Amino acid sequence: MSTFAMHVAKTGLNSQQIKMQVIANNLANVNTTGFKADRTNFESLLYQVLRGAGENTSENTSLASGLSVGTGTRLLNTTKLHSQGSLINTGNSLDLSVEGDGLFQVLMPDGQIGYTRNGAFMRNAEGTVVTASGYALQPEIQIPEDAATITVSSDGIVTVQQPGAVEAQEVGQITLADFPNRQGLQPNGESMLIETPASGAPIIANPFEEGMGRLVQGSLESSNVNVVQELVDMIETQRAYEVSSKTITSVDEMMRFIAQNI
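Now for a quick tour of the structure. (Residues numbered from 1 in each chain as written. Predicted model: local features only at pLDDT ≥ 70, side-chain atom pairs only at ≥ 80, totals over all residues. Heavy atoms only, no water.)

## Quick word on the nonpolar core
Inference 1: One finds Phe-104, Ile-141, Ile-143, Val-158 and Ile-174 to be the most contacted residues of the largest nonpolar core, which totals 20 residues.
Inference 2: Every element with two or more residues in this core is listed here: strand S6 (96–99), strand S12 (149–152) and strand S13 (157–161).
Inference 3: Sequence-distant contacts of Val-158, defined by excluding residues within four places in its chain, comprise Ile-141, Ile-143, Ile-150, Thr-151, Val-152, Gln-169, Glu-170, Val-171, Gly-172 and Ile-174.
Inference 4: Of all hydrophobic cores here, the second largest spans 6 residues; its members include Leu-103, Tyr-115, Ala-177 and Phe-179. (Core = buried A, V, L, I, M, F, W, Y, C linked by side-chain atoms within 4.5 Å. Buried < 20%, exposed > 50% of the residue type's maximum accessible area, 1.4 Å probe, protein only. Helix = DSSP H or I, 4+ residues; strand = E, 2+ residues; numbered from the N terminus. Contact = heavy atoms within 4.5 Å.)

## Describing the pattern of salt bridges
Close approach of charged atoms allows side chains with opposite charge to pair.
Inference 1: Here the structure, examined in full by the defined rule, presents 11 salt bridges.
Inference 2: Among the salt bridges present, the one from Arg-214 reaches Glu-99, with a minimum N-O distance of 2.8 Å. Taken together, the residues Arg-214 in strand S19 (residues 214–217) and Glu-99 in strand S6 connect sequence positions 115 residues apart.
Inference 3: The salt bridge partner of Arg-182 is Asp-101, with a shortest N-O separation of 3.4 Å. Here the residue Arg-182 occupies a position in the loop between strand S15 (176–178) and strand S16 (186–187), and Asp-101 occupies one in the loop between S6 and strand S7 (104–107), the gap between them amounting to 81 residues.
Inference 4: With relative accessibility at 31%, the residue Asp-101 sits in the partly exposed group. (Salt bridge = Lys/Arg side-chain N within 4 Å of Asp/Glu carboxyl O.)

## Observations concerning a nonpolar patch on the surface
Inference 1: Together, Leu-50, Leu-67 and Val-69 line one region of the surface with nonpolar side chains, adding up to about 240 Å² of accessible area.
Inference 2: For Leu-50, the position within the fold is in strand S2 (residues 47–51). (Patch = residues over 30% accessible without salt bridge, like charges linked within 9 Å, V, L, I, M, F, W, Y side chains within 5 Å. Areas by Shrake-Rupley, 256 points an atom, 1.4 Å probe, with all protein chains shown as cover.)

## Some points on the packing of aromatic side chains
Between two aromatic rings, the relevant description is the distance of the centres plus the angle of the planes.
Inference 1: Under the defined criterion, the tally for this structure stands at 2 aromatic pairs.
Inference 2: With 5.2 Å between their ring centres and 85 degrees between their planes, Phe-104 and Phe-121 make a pair best called edge-to-face. Highlighted residues: Phe-104 in strand S7 and Phe-121 in the loop between strand S8 (113–116) and strand S9 (122–123), separated in sequence by 17 residues.
Inference 3: Taking the relative accessible area as the measure of exposure, Phe-104 reaches 0% and is therefore buried.
Inference 4: Take Phe-121: its relative accessible area is 2%, and that puts it in the buried class.
Inference 5: Both rings, one in Tyr-115 and one in Phe-179, keep their centres 4.9 Å apart while their planes meet at 85 degrees; by these two values the pair is edge-to-face. With Tyr-115 in strand S8 and Phe-179 in the loop between S15 and S16, this pair connects stretches of sequence that are 64 residues apart.
Inference 6: Judged by its relative accessible area of 4%, Tyr-115 is buried. (Phe/Tyr/Trp six-rings, centres within 6.5 Å; stacked < 30°, edge-to-face > 60°.)

## Topic: the environment of Thr-116
Inference 1: Position of Thr-116 among the secondary structure elements: in strand S8.
Inference 2: In this structure the C-alpha to C-alpha distance between Thr-116 and Leu-45, which are 71 residues apart in sequence, comes to 35 Å.
Inference 3: In this structure the side chain of Thr-116 is engaged in a polar contact, spanning 2.8 Å, whose partner is the backbone oxygen of Ser-191. (Polar contact = N/O pair within 3.5 Å; in protein donor to acceptor, adjacent residues only side chain to side chain.)

## As for the environment of Gly-70
Inference 1: Relative to the helices and strands, Gly-70 resides in strand S3 (residues 67–70).
Inference 2: In the structure, Gly-70 is positioned 26 residues away from Ser-44 in sequence and 7.5 Å away in space, judged by C-alpha atoms.
Inference 3: If near-sequence neighbours (up to four positions away) are discounted, Gly-70 is found in contact with Val-8, Leu-46 and Tyr-47.

## Observations regarding the sheet that holds strand S17 (residues 193–194)
Inference 1: Pairing is antiparallel in the open sheet, where 5 strands are placed in the order S11-S7-S8-S17-S16. The strands lining the two open edges of the sheet, one partner per strand, are strand S11 (137–138) and S16.
Inference 2: Relative to S17, S16 runs antiparallel, the two sharing 2 bridges. Its bridge partner being in S17, Pro-187 is matched across the sheet by Leu-193. (Pairing = 2+ DSSP bridges.)

Below, the structure is given as structure tokens:
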């Protein structure tokens, strides 16, 4: 029975170690534009039912509660917290943020569409609006080389003012994507999320339509990591790890006592 207790404590050590890694990743990305913090979710492992509830204790009586012994815990999954991060003004005409729901769509090198809240865009040599890694915004938007000013309206219409032109020229429309289950999106690095069967098919719409938020030009969305809360969680995780480690030490001392005195 003592070895079972060690096994239970070991599951606690493993789970808390993974949780600490999640916390470390959140803190490491505290300055990452558009980053959404991860939260860990635990579940208990199977129980050993030694006596079932309702078993007879005499001819006319039965147990009001059974005797069940847990076998530990495990980290079930992590979920992204899609709460709004604060908007930081940059003054750059191609820095965009989403206030409300919605994700930018980006064409990845492998042909997949990546979804992100990181709106730090720029023009490449061909005038295409791309991410810092060179991935093209979707739908693709071309900015003329001689464009003097670039304006992005809150509903996603991109216009440019060219020298000698009286009126601004519309060059594209930025659309946003959302999902029935955003928690089902798979993090893929580079602040990108990838569609999965769990997330459902993307809902594509212009800003302000079908529940999408609005675009804010000249600003970026900061990470939504709450540093104070992460530090509190870190201390709590450390204490839980120490308690599980102490459990193993205590069980080992009990077994040593038995071996030396029997």
